[in-house]
Amino acid sequence: MTANPYSTIAEQAAALLEWLGQPANTVLTLQVFGARGANADGQPVTVTDPAGKEVGKTFAARTDTLAELAARHCREADCPNVYLTFGLHDPPGRRKQESCRRVLALTLDCDACDWLTAEAPGEFVDTDEAKAYLRQLDTGRLETLLAEHRACVAAGLARAGLPAPSAWWQSGYGCYALFALAADDEGATDVDSCREANRALVDALNLAAGYKLADPAAKDAGTRVLRAPGAFNVKRPGRPLP
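Residues numbered from 1 in each chain as written. Predicted model: local features only at pLDDT ≥ 70, side-chain atom pairs only at ≥ 80, totals over all residues. Heavy atoms only, no water.

A few words now on the overall build of the protein. Scanning the protein from terminus to terminus reveals 6 helices and 9 strands. When the 242 residues of the protein are sorted by exposure, 48% land in the buried category. For the protein, the accessible surface area stands at approximately 11100 Å², while carbon and sulfur atoms represent 50% of it. (Helix = DSSP H or I, 4+ residues; strand = E, 2+ residues; numbered from the N terminus. Buried < 20%, exposed > 50% of the residue type's maximum accessible area, 1.4 Å probe, protein only. Areas by Shrake-Rupley, 256 points an atom, 1.4 Å probe, with all protein chains shown as cover.)

As structure tokens, then:
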């Protein structure tokens, strides 16, 4: 960990707004997993919004407060797994298909353990074994493997004839590929069509790869949650990863 692991949170939040083409006060739905969240030791943590108000499992927050939210709740000793959706919901704070009014981005969720299991079948019996291998690697080796994994995803997209993502997002032991929908794209309000497009995106990448490179369940555009900008993956206690 660097001396200031949150130095890029504001930059990531600003970049998020830029490629989404949304104003700084856009309200997104966020979700906390676990009982009010939990720290690396599994102890419950009360989550508060930037105004200091305690929030429940799902809640609404403006995008211009994401940096503060992440810095408040993604510390190594106080990390409650804060995620956000890429859809605009009415009322804000909901996370249902019927509450989604506009999809902001299509997403791919790619775990490196799936890639390792498929690319090195003689080394790993299953994804659990590949996942355990990733979690015991030193930081340098892990970063190298994750870079190779992302390059594989990019190559698969190119083979499938798909466009490059608007943004890449590290997910701890894998990556997200995000495809922003233009703010003036009227098709973004057709949630059913967006979900079909997201499903086709996942299927095309996996067909090109010849295996499950992208999570086939992560196709629910508008309600799918991804880790908030600057938040840490704390699935391995004592070693949070951006």
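To continue, consider the sheet that holds strand β9 (residues 225–227). Here 4 strands make up an open sheet; going across it, the order is β2-β1-β3-β9 and the pairing antiparallel. With one partner strand each, in any of the chains shown, β2 (58–62) and β9 form the two edges of the open sheet. Recorded for the sheet is a direction-independent mean angle of 40 degrees between the axes of neighbouring strands. Strand direction decides the pairing type here: strand β3 (residues 82–85) and β9, joined by 3 bridges, are antiparallel. In the strand pairing of β9, Thr85 is matched with Val225. (Pairing = 2+ DSSP bridges. Axes fitted to C-alpha atoms, helices over the stretch in contact; angles between N-to-C directions.)

Under the counting rule described, the total for this entry stands at 3 salt bridges. A salt bridge links Lys212 to Asp114; its shortest N-O distance comes to 3.6 Å. Here the residue Lys212 occupies a position in the loop between α6 (191–209) and β9, and Asp114 occupies one in helix α3 (residues 112–119), the gap between them amounting to 98 residues. Classification of Lys212 as partly exposed rests on a relative accessible area of 40%. Among the salt bridges present, the one from Glu196 reaches Arg199, with a minimum N-O distance of 2.8 Å. Taken together, the residues span about one helical turn, with Glu196 and Arg199 both in helix α6 at a distance of 3 residues. (Salt bridge = Lys/Arg side-chain N within 4 Å of Asp/Glu carboxyl O.)

This brings us to the packing of α3 against helix α5 (residues 139–159). The packing of two helices is summarised by the inter-axis angle and the distance between the axes. Contact geometry for α3 and α5: axes closest at 10 Å, N-to-C directions at 80 degrees. When the axis of α3 is compared with that of α5, the two are roughly perpendicular. Of α5, the residues touching α3 (which contributes Ala112, Trp115, Leu116 and Glu119) are Leu145, Leu146, Glu148, His149 and Cys152. Of the residues that constitute the contact of α3 with α5, the class distribution is 6 nonpolar, 1 polar and 2 charged. (Parallel < 35°, antiparallel > 145°, perpendicular 65-115°, else oblique. Contact = heavy atoms within 4.5 Å. Nonpolar A, V, L, I, M, F, W, Y, C, P; charged D, E, K, R; others polar.)

So, on to the pairing of β2. Residues Phe59 and Ala61 point to one face of β2 and are all buried, whereas Thr58, Ala60 and Arg62, pointing to the other face, are not buried. In this structure, strand β1 (residues 27–32) lies alongside β2, joined through 5 bridges in antiparallel fashion. Note that in β2 the partner of Leu28 across the bridge is Ala61.

This part takes up α6. Spanning 19 residues, α6 covers 27 Å between terminal C-alpha atoms, matching the ideal 27 Å at 1.5 Å per step. All of the buried residues along α6 are Val191, Cys194, Arg195, Asn198, Leu201, Val202, Leu205, Asn206 and Ala209. All buried residues of α6 project into a common sector of 120 degrees when viewed along the axis, lining one side. Structural note: α6 exposes Asp192 and Leu207 on the side pointing more than 90 degrees away from its buried face. Within two residues after α6, Gly210 carries a phi angle of roughly 85 degrees, on the positive side. (Expected span 1.5 Å × (residues − 1). Arc of directions from axis to C-beta.)

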